[in-house]
Amino acid sequence: MDLVITKHSEVYVKVECDDGLAKELAEYFSFYVPGFQFTPQFRRKLWDGKIRLFDQRTHLFYHGLVPYLEKFCEDRGYTYHLDTLVVLTENWSLQEATQFIASLQLPPQFQIRDYQLRAIVQAIRHRRQLIISPTGSGKSLILYCLVRYMLHRDLHRILIVVPTTNLVEQLTSDFQLYGWDVETHVHKQYAGKDKTCVKPVTITTWQSIYQFPKSYFEQFDAVFGDECHLFKAKSLQTIMTGLTRTLFRIGTTGTLDGTKTHRLVLEGVFGPVYEATNTKDLIESETLADITIKSLILKYDADTCQQVKSMDYQQELDFVVQHQKRNRFIANLALSLKGNTLILYQFVDKHGEVLYSLITTLANHSCPVSLVHGGVETEDREAIRRVMVESSRSIVLGSYGTFSTGINIPNLDNIIFASPSKSRIRVLQSIGRGLRRSEGKTSMTLYDIADDLRTGKTMNYLLEHYVERTKLYDEQQFPYHQYYIDVTS
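Criteria and thresholds
- Residues numbered from 1 in each chain as written.
- Predicted model: local features only at pLDDT ≥ 70, side-chain atom pairs only at ≥ 80, totals over all residues.
- Heavy atoms only, no water.
- Pairing = 2+ DSSP bridges.
- Helix = DSSP H or I, 4+ residues; strand = E, 2+ residues; numbered from the N terminus.
- Axes fitted to C-alpha atoms, helices over the stretch in contact; angles between N-to-C directions.
- Salt bridge = Lys/Arg side-chain N within 4 Å of Asp/Glu carboxyl O.
- Buried < 20%, exposed > 50% of the residue type's maximum accessible area, 1.4 Å probe, protein only.
- Phe/Tyr/Trp six-rings, centres within 6.5 Å; stacked < 30°, edge-to-face > 60°.
- Contact = heavy atoms within 4.5 Å.
- Expected span 1.5 Å × (residues − 1).
- Parallel < 35°, antiparallel > 145°, perpendicular 65-115°, else oblique.
- Arc of directions from axis to C-beta.

### A few points about the sheet that holds strand β17 (residues 394-399)
Stage number 1. The strand order across the open sheet built from seven strands is β16-β17-β15-β18-β19-β14-β20, with neighbouring strands paired in parallel fashion. For this open sheet the edge positions go to β16 (369-372) and β20 (480-486), each flanked by a neighbour on one side alone. For this sheet, the mean angle separating the axes of adjacent strands, direction not counted, is 20 degrees.
Stage number 2. Looking at chain direction, strand β14 (residues 290-299) and β20 are connected through seven bridges and run parallel. Counterpart to Ser295 in the pairing with β20 is Gln482.

Quick look at the structure:
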């Protein structure tokens, strides 16, 4: 037998093989990290830019990647033995799941859809799953049903990790809307909250717990990573590898970044990808709102384009976000729109606060205008979100870090991309903020601000980023229309 694969913990398997095969595995499961050449560690020659999923020294390999290990053996003709303890599955039918969920007596407005039911069954059967389901598809309801099932199974300690304190509050609020007594069952863990927990479910941010001692993580029977596309961060991997006895490991996200490295790291700590549904199908079934994208391409004069020509990416970005006429255009655009508008920006001091001051002055109390960033307290952010939920016309300027992921604003009518980005996750998660339906709302509009600072045939950095976004729109089958606007007039 060339390889013997045994269970080491709920995090790793142990691969028994000779040194030559171990070296081959180490090379096969090594990947360059996107953008590695720009990192300080690589530039200082402290790192070769690769992530290694097989440890050649210890022969440990992520438990969630066992299917890839089996394929490696089959493709290369190696014989292997897989210990029965490595792959344990549950027998749980759709009928049993339907009966259990019926026993939860969910309110009428929160009935389980077919794709949610299938995702729940898939997660329970396999114990390890990375569930891909778009924003607005009801991931929090999937999580709730899974949590309730695990408590029903007498798994008494459950950890739910989310990226922001906003989402701690929001997920807790969602669980309450589903008819649960959260005061009895849910402990919220983040700065300013009591660290002592006797309740069965802990909802926390990774920042709040990643430095906790190993003994803290050993208490949990199940872990859920909501918006788990962020779990490639070193601190989040530290949490997941600390959960050595945690049997159920479920991640949920709306999208991955499209790179093989990102997917394999997440599958390693959670389990194989399962795509519950997609945005196109949800729009066609009228579960999500229709989307229209208006690409507003700002044209600059020749002198400005020549000035920007010699700038690097960061200098070009700094230039456009501080461009007075550009900012006034965004302010006037926001004030001209009907309904609720979210303006997403990247830099707080030199862009968010500038836009907030300008829009507040021009609005002259005609509608609520709010600014949200990481320095705003969680309770204040939640209050601002609720103002928008309850309002028919308001403007919120939100930093990408606080508002591009997870925030639930069903009656959001418009989104403005004030700071350009080509990040697949950031773009799709941001669009997801506006795709939820609500009473009287069946569509949303995205205003994608692009900056054309070309000189001759040479594209500037931000225009190249816009081209990348259009490729993403095409892939997702989102309709978009381009409008050229002279920003100097």
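### Quick notes on the pattern of salt bridges
Stage number 1. Counted according to the given criterion, the structure contains 20 salt bridges.
Stage number 2. Where Lys7 meets Glu10, a salt bridge forms, and the shortest distance between an N and an O atom there is 2.5 Å.
Stage number 3. Look at Glu10 and you get buried, because its relative accessible area is 9%.
Stage number 4. The residue Glu468 makes a salt bridge to Lys471 at a minimum N-O spacing of 3.2 Å.

### Examining unusual backbone geometry
Stage number 1. Unusually for a residue other than glycine, Asp154 sits at a positive phi of about 70 degrees.
Stage number 2. Structurally, Asp154 is set in the loop between α6 (139-152) and β8 (158-162).
Stage number 3. Asp154 gets classed as exposed once you look at its relative accessible area, which sits at 52%.
Stage number 4. The phi angle at Asn364 is positive, at roughly 50 degrees, despite the residue not being glycine.
Stage number 5. By the secondary structure assignment, Asn364 is in the loop between α17 (348-363) and β16.

### Structural notes on the pairing of strand β11 (residues 222-226)
Stage number 1. Counting buried residues along β11, five of its five residues qualify, which places the element largely inside the surrounding structure.
Stage number 2. Burial along β11 is two-sided: Ala222, Phe224 and Asp226 facing one way and Val223 and Gly225 facing the other are all buried.
Stage number 3. With four bridges joining them, β8 and β11 adopt parallel strand pairing. Bridge pairing in β11 links Ile160 to Phe224.
Stage number 4. Pairing of β11 with strand β12 (residues 248-253), which is carried by five bridges, proceeds in the parallel orientation. Bridging from a neighbouring strand, Gly225 pairs with Gly251 of β12.

### Brief notes about the packing of aromatic side chains
Stage number 1. Following the criterion strictly, the structure yields 25 aromatic pairs and no others.
Stage number 2. Taken together, a centroid distance of 5.4 Å and an interplanar angle of 70 degrees make the contact between Tyr216 and Phe220 edge-to-face. Phe220 matches Tyr216 in its accessibility class, with the two residues each being buried.
Stage number 3. Seen from their ring centres, Tyr473 and Tyr480 are 5.8 Å apart, and the 55 degrees between their planes marks the pair as tilted.
Stage number 4. The class for Tyr473 is buried, based on a relative accessible area of 1%.
Stage number 5. Among the aromatic residues, those joined into a ring-pair cluster are Tyr28, Phe29, Phe54, Phe61, Phe72 and Tyr78.

### As for the sheet that holds strand β1 (residues 3-7)
Stage number 1. Across the sheet, four strands lie side by side as β5-β2-β1-β6; this open sheet has mixed pairing. Each edge of the open sheet carries a strand with a single partner, namely β5 (60-62) and β6 (80-82). Averaged over all pairs of adjacent strands, the angle between their axes in this sheet comes to 30 degrees, without regard to strand direction.
Stage number 2. Looking at chain direction, strand β2 (residues 12-16) and β5 are connected through three bridges and run antiparallel. Bridging from a neighbouring strand, Lys14 pairs with Leu60 of β5.

### Examining the pairing of β12
Stage number 1. The buried count for β12 comes to six of six residues, which makes it a mostly enclosed element.
Stage number 2. Residues of β12 alternate between two faces, with Phe248, Ile250 and Thr252 on one and Arg249, Gly251 and Thr253 on the opposite face, all of them buried.
Stage number 3. When strand β7 (residues 128-132) meets β12, the two strands line up parallel, connected through five bridges. Paired with Ile132 across the bridge in β12 is Thr253.

### Section: the environment of Val121
Stage number 1. Of note, Val121 is situated in helix α5 (residues 114-126).
Stage number 2. Along the chain, Val121 and Gly398 lie 277 residues apart, while their C-alpha atoms are 36 Å from each other.
Stage number 3. Once residues lying within four places of it in the same chain are set aside, the contact partners of Val121 are Trp92, Ser93, Leu94 and Ala97.

### Concerning α5
Stage number 1. With 13 residues, α5 should cover 18 Å at 1.5 Å per step; its first-to-last C-alpha distance of 18 Å lies within 8% of that length.
Stage number 2. All of the buried residues along α5 are Tyr115, Gln116, Leu117, Ala119, Ile120, Val121, Ala123 and Ile124.
Stage number 3. Among the structural elements, α4 (94-103), β7, α6, β12, β13 (273-275) and α13 (279-284) are those in contact with the buried residues of α5.
Stage number 4. Two residues or fewer past α5, Arg127 is found with a positive phi of approximately 70 degrees.

### Examining the environment of Leu428
Stage number 1. With respect to the element layout, Leu428 can be found in helix α20 (residues 424-432).
Stage number 2. Sequence-wise, Leu428 and Leu256 are 172 residues apart; in three dimensions their C-alpha atoms are separated by 9.6 Å.
Stage number 3. When near neighbours in sequence (up to four residues on either side) are disregarded, Leu428 contacts Thr255, Leu472, Gln476 and Phe478.

### Remarks on the packing of α4 against α5
Stage number 1. Viewed as axis vectors pointing N to C, α4 and α5 meet at an angle of 110 degrees, and their least axial separation amounts to 10 Å. The orientation of α4 with respect to α5, classified from their angle, is roughly perpendicular. Every residue of α5 that contacts α4 at Leu94, Ala97, Thr98 and Ile101 is listed here: Leu117, Arg118, Ile120, Val121 and Arg125.

### Focus on helix α21 (residues 461-476)
Stage number 1. Counted at 1.5 Å a residue, the expected span for α21 with its 16 residues is 22 Å, and the 23 Å between its end C-alpha atoms agrees.
Stage number 2. Taken together, the buried positions of α21 are Leu462, Leu463, His465, Tyr466, Arg469, Thr470, Leu472, Tyr473 and Gln476. For α21, the angular spread of the buried residues around the axis is 160 degrees, confining them to a single face.
Stage number 3. One or two residues past the end of α21 sits Gln477, with phi positive at roughly 60 degrees.

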